[in-house]
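Commentary on secondary and tertiary structure
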Amino acid sequence: MLVACAALLVVGGGIVTWAATQQVGPPPTPSAATSTTGPETSASGTASGPATAQPSPSTPESAPSPSDVAPMSAAEPTAVRIPAIGVDSPVHGLGLDGEGKLQVPSGELYNQVAWYDGSPTPGEVGPAVLEGHVTGAGYAPSVFFELGDTRKGDRIEVDRADGSTATFEVTEVKSSPKDDFPRIDVYGATDGPELRVITCGGTYDKDAGRHLDNVIVFAELVKG
Amino acid sequence: MRTSRLALCAATVALVGLPLAAGPATADDHGGELTAELSQLNDSGASGTAWAKVDGTSVEISLEAQGLLDGAPHAQHIHIGGQNVCPANDQEGSGFEGALQVSDAADQYGAVAVSLTKEPGKTGADAALDVDNFPAEVSYSYSRTIEVSEEVAQQIANGDGVVVVHGVDHDGSGTYDGDTKSDLDPALPSEATDPAACGELNAAQMSMPHGGVETGGSSTSGIEYPAALGFGTLALALGAFGLVAARRRATI
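Residues numbered from 1 in each chain as written. Chains lettered and ligands numbered in written order. Predicted model: local features only at pLDDT ≥ 70, side-chain atom pairs only at ≥ 80, totals over all residues.

Things to note about the overall build of chain B
A count of helices and strands for chain B gives five helices and nine strands. Order of helices (α) and strands (β) in chain B, N terminus to C terminus: α-β-β-β-β-α-β-β-α-β-α-β-β-α. When each of the 252 residues of chain B is scored for burial, the buried share is 43%. Restricting the contact set of chain B to residue pairs at least 6 apart, pairs at least 24 apart contribute 69%. (Helix = DSSP H or I, 4+ residues; strand = E, 2+ residues; numbered from the N terminus. Buried ≥ 20, exposed ≤ 12 C-beta atoms within 10 Å, placed from the backbone. Contact = placed C-beta atoms within 7 Å.)

Structure representation (structure tokens):
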């Protein structure tokens, strides 16, 4: 009897302790400084490795202008990697729903990244649009849980169906209320090949069952 | 925006009766939407965005602007012509202390093609200075659907339109004044018409989705593995209860 009770205590305590370590806080939100240039953004950029450093002594600006990189021909994206936040996901295509809103990953592909198939393919001129969930059902983090921790200068690599890889560099990370979504900044015409990576964030409205903000990463092609 | 020559070719092709399908405008492929990012001229501090959609000879346009002089009318137009581009913010002109006046950049953005007045203002080039019907706030949202000629509709769809918002308080007096007269109307001070912000209307490269993106799931601030927590707590409680009960029985 005593042994059974002691065993219950040990097992119960173990389970509670384990569960306590599995608790997940809210997803990170972009710091205010990431919407403009800030000292800590460049610091995190150099800290993430030599890949983010542009050894170009002739120009003090580290980011090459988009015109320096030739646009790529059309090829649909197959996978995306954001090493700074540990993202490595296959990519599938999604379109608009009946109301003209962007469809979101669902079913077996829920935790994968989607590309808006009406936007340019990554590497073509224009803003290619990628999206992914921040959280899943049952409080679990999804593929872009850490997207708000992306910093200016981080690299985003997109593998394409023709075997090539388009490499982008983050220029800005923004958080915007969904009801005041910066539609033109995100989807509007661009001169060069760019990338937009979108997920949810901000306050979670329990009644509505949705996050109130979108986290948006802006990036430019730096290597075709 | 360097499509004017191509547009001319396309127009010529149209004139001789060939289909326009091979034209340079990709707008038709993507729902005919155009966007512009407005940036400051004359160090005005103004900025904004514009969106337009061409449907036949109807142009639906919306414009959001910030950082303008409050309480003073801001003439706003779609210019077409020149190189169909905006001048640079630091470009010097013939106005107050080298300020850029409207005509100084005519080679770049051409002439007024559409006046973006509010109802009931007229929208042709001759309404360019209809000061009673222009927005007059520090920041504003404007939208209107405007009928234009076939030529203007085609030019805007081709990406030749440049949105210019006017009115700069160079001397910081809080109102349009000063000795320099407007190059458009000598009855007005130059501050009233000098360009404050400019953006090139380019064809969007996609059919732009509406609204935000519903990439949430649920909140992660809830309790993870509630079943494990519940079961574990129950086991703990049972074990403790059992131990206490066993000790009591032992002491009695």
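A short note on the overall build of chain A
Helix and strand content of chain A: three helices and eight strands. Residues counted as buried form 41% of the 224 residues belonging to chain A.

What about the sheet that holds strand S4 (residues 126-131) of chain A?
All names here are of chain A. Taken in spatial order, the eight strands of this closed barrel run S1-S2-S3-S4-S7-S8-S6-S5, and their pairing is mixed. In this sheet, neighbouring strand axes are inclined to one another by 35° on average, regardless of whether the strands run parallel or antiparallel. In this sheet, strand S6 (residues 165-177) lies alongside strand S5 (residues 155-160) in antiparallel orientation, the contact comprising five bridges. Looking across to S6, one finds that aspartate 159 is bridged to threonine 165. (Pairing = 2+ DSSP bridges. Axes fitted to C-alpha atoms, helices over the stretch in contact; angles between N-to-C directions.)

Points about the environment of alanine 75 of chain A
All names here are of chain A. Its location among the elements puts alanine 75 in the loop between helix H2 (39-47) and strand S1 (77-82). Among the residues examined, alanine 75 registers 18 C-beta atoms within 10 Å and is labelled partly exposed. Spatially, the C-alpha atoms of alanine 75 and arginine 160 are 5.7 Å apart, while their sequence positions differ by 85 residues. Sequence-distant contacts of alanine 75, that is, excluding residues within four places in its chain, are made with Thr121, Arg160, Ala161, Asp162 and Ser164.

Details of the confidence of the model for chain B
Residue and element names in this part refer to chain B. Model confidence for chain B is summarised by a mean pLDDT of 85, while 73% of its residues fall at 70 or above. Note that pLDDT drops below 50 for residues 1-28; the model gives that stretch 32 contacts with residues more than four away or on any other chain. Overall fold confidence for the complex sits at a pTM of 0.76, while the interface term, ipTM, reaches 0.75. (pLDDT = per-residue confidence, 0-100.)

Describing the nonpolar core
One broad trend across soluble globular proteins is that nonpolar side chains are buried collectively. Counting 91 residues, the largest nonpolar core has Leu130 and Ile156 of chain A together with Ala50, Ala52, Ile156, Val163 and Cys198 of chain B as its most contacted members. With seven residues, strand S8 (residues 210-223) of chain A is the largest single contributor of residues to this core. Alanine 52 of chain B has contacts with Leu34, Val59, Glu60, Ile61, Ile156 and Leu201 of chain B, leaving out every residue within four places of it along the chain. (Core = buried A, V, L, I, M, F, W, Y, C linked by C-beta atoms within 7 Å.)

Things to note about unusual backbone geometry
With glycine set apart, most residues show a phi of negative sign, and most peptide bonds adopt trans. Residue and element names in this part refer to chain B. Cis geometry is found at the peptide bond from glutamate 119 to proline 120, where omega equals 0°. Its place among the elements puts proline 120 in the loop between strand S5 (111-115) and strand S6 (140-147). Notably, asparagine 42 is not glycine yet its phi reads approximately 55°, a positive angle. By secondary structure assignment, the location of asparagine 42 is in the loop between strand S1 (33-40) and strand S2 (47-55). Note on asparagine 42: 27 C-beta atoms within 10 Å, which makes it buried. Positive phi, normally seen in glycine, also occurs at asparagine 84, with a value near 55°.

Side note on helix H3 (residues 150-157) of chain B
Those residues of H3 of chain B that sit buried are Val152, Gln154, Gln155, Ile156 and Ala157 of chain B. Trailing H3 of chain B by a residue or two, glycine 159 of chain B shows a phi angle of about 90°, which is positive.

Regarding the pairing of strand S4 (residues 76-80) of chain B
All names here are of chain B. By the criterion of burial, S4 is predominantly enclosed, with five of the five residues buried. In S4, alternate side chains face the same way, and those of Gln76, Ile78 and Ile80 on one face and His77 and His79 on the other are all buried. Sheet topology places S4 next to strand S7 (residues 161-166); five bridges connect them, and they run antiparallel. Bridging from a neighbouring strand, glutamine 76 pairs with valine 165 of S7.

Focus: the environment of aspartate 70 of chain B
Residue and element names in this part refer to chain B. One can find aspartate 70 in the loop between strand S3 (58-66) and S4. For aspartate 70, a count of 11 C-beta atoms within 10 Å puts it in the exposed group. With 104 residues separating them along the chain, aspartate 70 and glycine 174 place their C-alpha atoms 7.8 Å apart. Once residues lying within four places of it in the same chain are set aside, the contact partners of aspartate 70 are Glu137 and Val138.

Let's talk about the environment of threonine 29 of chain A
All names here are of chain A. Its place among the elements puts threonine 29 in the loop between helix H1 (2-21) and H2. With 17 C-beta atoms packed within 10 Å, threonine 29 lands in the partly exposed category. Here the alpha-carbon distance between threonine 29 and cysteine 200, two residues 171 residues apart in the chain, equals 9.8 Å. Residues within four places of threonine 29 in sequence aside, it is in contact with Gly148, Ser175, Gly201 and Gly202.

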